[in-house]
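Breakdown of the fold
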Protein chains: 2
Amino acid sequence: MLSKSCVYALRAIVYVGHNGSENHKIGIKEIGEELDLPVHFLSKILQLLVKHNILQSTKGPHGGFYINEASGKIKLIRIIEIIDGLSFFHKCGLGMHECSDSHPCPLHDDFIVFREGLNKIFSTKAINDLVKKVEDGNAFVRNLNTKN
Amino acid sequence: MLSKSCVYALRAIVYVGHNGSENHKIGIKEIGEELDLPVHFLSKILQLLVKHNILQSTKGPHGGFYINEASGKIKLIRIIEIIDGLSFFHKCGLGMHECSDSHPCPLHDDFIVFREGLNKIFSTKAINDLVKKVEDGNAFVRNLNTKN
DNA sequence: ATATAAAAAGACCTAAATATCTTTTAATAT
DNA sequence: ATATTAAAAGATATTTAGGTCTTTTTATAT
């Protein structure tokens, strides 16, 4: 559904939101190690988010990534939009061009419920909501690792 | 979500179910042209379905593809299983290995609703159900084309 | 039996996603 | 100002999905 790039981005940004702050920036190496993600690849993805001001960074000693007040409020859909685009949320489940409510493919009525539902989740939830979940222990407590 | 291979397969099999029968088999060329799909690529995919007895075929003059009684009753999930595998329906939305109800990722509770919902749709609907939809005109009437 | 038609099979090609490695730029502390 | 540190940027490699082309096999009609 979401590309690897996209879920890497989401996990990384939540990790940064959870563990970092403006005066405790998180290095790409730490993120990569803790989340068990390919560092250089991840680096490209975060670069893109920084460019779009979804994520903040500074270079040099004690540099790294962090998220500011505004970034925490950004909805997940925005990150998806930047990395994967929004085509999934408009596309027919059977890949037909002209599929729509008035001209539906044989799967349309069932599929659209799912597609719209997902859209709503991603359009509603902000980065901070995920960070909060992590902090509440509803989700992985220590980190967003793949392993433990 | 579903790979191109997989939606090509679904559309092709519905086309065959709709337009063909044991004594009016449908050639790969017709399928490719009508559905605007790459013929040779599609050919591979259908081969696989034939091998799994989801679809029937015969070679030679007046040969082609058709589906028998039993095949029409096969659930969509089976086709998905053969072509894409079922990992999507077990995988965490954020790509974490150990995500589960008791150990959820920060997106789990919301995501699982739709993952399960989709699973149910595909596990419930059979090929014939889609063919029926096409015949009822609820879906594209003439064919499953990408264009008209 | 033979020609023919159509799927099966095999080899190969292309593009996109994913991943790695190297060099450059820019903050910071000394 | 200089050295150091860490992100940005660039170049390149690998893998997977998607697609094409050619040859082989097999069923049918003559």
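Only a predicted model underlies this, so the values are computations on that prediction, with no experimental measurement involved.

Definitions and limits used
- Residues numbered from 1 in each chain as written.
- Chains lettered and ligands numbered in written order.
- Predicted model: local features only at pLDDT ≥ 70, side-chain atom pairs only at ≥ 80, totals over all residues.
- Heavy atoms only, no water.
- Helix = DSSP H or I, 4+ residues; strand = E, 2+ residues; numbered from the N terminus.
- Buried < 20%, exposed > 50% of the residue type's maximum accessible area, 1.4 Å probe, protein only.
- Salt bridge = Lys/Arg side-chain N within 4 Å of Asp/Glu carboxyl O.
- Phe/Tyr/Trp six-rings, centres within 6.5 Å; stacked < 30°, edge-to-face > 60°.
- Contact = heavy atoms within 4.5 Å.
- Expected span 1.5 Å × (residues − 1).
- Near = heavy atom within 4 Å.
- Polar contact = N/O pair within 3.5 Å; in protein donor to acceptor, adjacent residues only side chain to side chain.
- Nonpolar A, V, L, I, M, F, W, Y, C, P; charged D, E, K, R; others polar.

Focus: the environment of B:Ile127
Residue and element names in this part refer to chain B. On the secondary structure map, Ile-127 appears in helix 7 (residues 127–135). Judged by its relative accessible area of 0%, Ile-127 is buried. Between the alpha carbons of Ile-127 and Ile-83 there is a distance of 15 Å; along the sequence they are 44 residues apart.

Looking at the pattern of salt bridges
Overall, the coordinates contain eleven salt bridges over all chains when judged by the stated rule. Where A:Lys125 meets B:Asp110, a salt bridge forms, and the shortest distance between an N and an O atom there is 3.5 Å. With A:Lys125 in the loop between helix 6 (108–124) and helix 7 (127–135) and B:Asp110 in helix 6 (residues 108–124), this pair bridges two chains. The partner of B:Glu116 in a salt bridge is B:Arg115, and the shortest N-O contact between them spans 3.8 Å. Accessibility expressed as a relative area gives 9% for B:Arg115, which makes it buried.

Comments concerning the packing of aromatic side chains
The geometry of an aromatic ring pair is captured by two quantities: the separation of the ring centres and the angle between the planes. In this structure the tally under the stated criterion is nine aromatic pairs over all chains. Centre to centre, the rings of A:Tyr8 and A:Phe41 are 5.9 Å apart; their planes meet at 85°, and the pair counts as edge-to-face. Placement of A:Tyr8 in helix 1 (residues 4–19) and of A:Phe41 in helix 3 (residues 39–51) is noted, with a sequence separation of 33 residues between them. Their ring planes at 90° and their centres at 5.2 Å tell us that A:Phe88 and A:Phe89 sit as a pair that is edge-to-face. Ring pairs connect the aromatic residues A:Phe88, A:Phe89, A:Phe111, A:Phe114, A:Phe122 and B:Phe114, which therefore count as one cluster.

A few points about the environment of B:Ile26
All names here are of chain B. You can see Ile-26 is positioned in the loop between helix 1 (4–19) and helix 2 (28–35). Overall, the relative accessible area of 0% leaves Ile-26 in the buried class. Separated by 38 residues in the primary sequence, Ile-26 and Gly-64 place their C-alpha atoms 4.8 Å from one another. What Ile-26 contacts, discounting residues up to four positions off in sequence, is Tyr-15, Val-16, Asn-19, Gly-20, Ile-31, Gly-64 and Phe-65.

Remarks on helix 6 of chain B
Each full turn of the α-helix corresponds to 3.6 residues, which orients residues three or four apart in the same direction. Its 17 residues give helix 6 of chain B an end-to-end C-alpha distance of 24 Å, which sits within 8% of 24 Å, the value for a rise of 1.5 Å per residue. Along helix 6 of chain B, the residues that are buried comprise B:His108, B:Phe111, B:Ile112, B:Phe114, B:Arg115, B:Leu118, B:Asn119, B:Ile121 and B:Phe122. Those residues of helix 6 of chain B that are buried are in contact with helix 6 of chain A together with helix 5 (76–83) of chain B.

Comments concerning helix 3 of chain A
Residues and elements named next belong to chain A. For helix 3, spanning 13 residues, the distance from its first C-alpha to its last is 18 Å, which sits close to the expected 18 Å at 1.5 Å a residue. Buried residues along helix 3 sit in contact with helix 1, helix 2 (28–35), strand 2 (64–66) and helix 5 (76–83). Just beyond helix 3, the residue with positive phi is Asn-53, at close to 60°.

Some words on the protein's contact with DNA strand C
Residues in close proximity to DNA strand C total 26 residues, the closest being A:Phe41, B:Gly27, B:Ile28, B:Lys44 and B:Ser57. In this structure, a phosphate oxygen belonging to DNA strand C sits 3.2 Å away from a main-chain N or O atom of A:Lys4. For DNA strand C, a base nitrogen lies 3.4 Å from a polar atom in the side chain of B:Gln47. Sorting the residues of the surface near DNA strand C by element identifies helix 1 and helix 3 of chain A together with helix 3 (39–51), strand 1 (56–58) and strand 2 (64–66) of chain B as the ones contributing at least two each. Examining the composition of the surface near DNA strand C, we find that four residues originate from one element, helix 3 of chain B, more than from any other. Its residues placed into classes, the surface near DNA strand C shows nine nonpolar, eleven polar and six charged.

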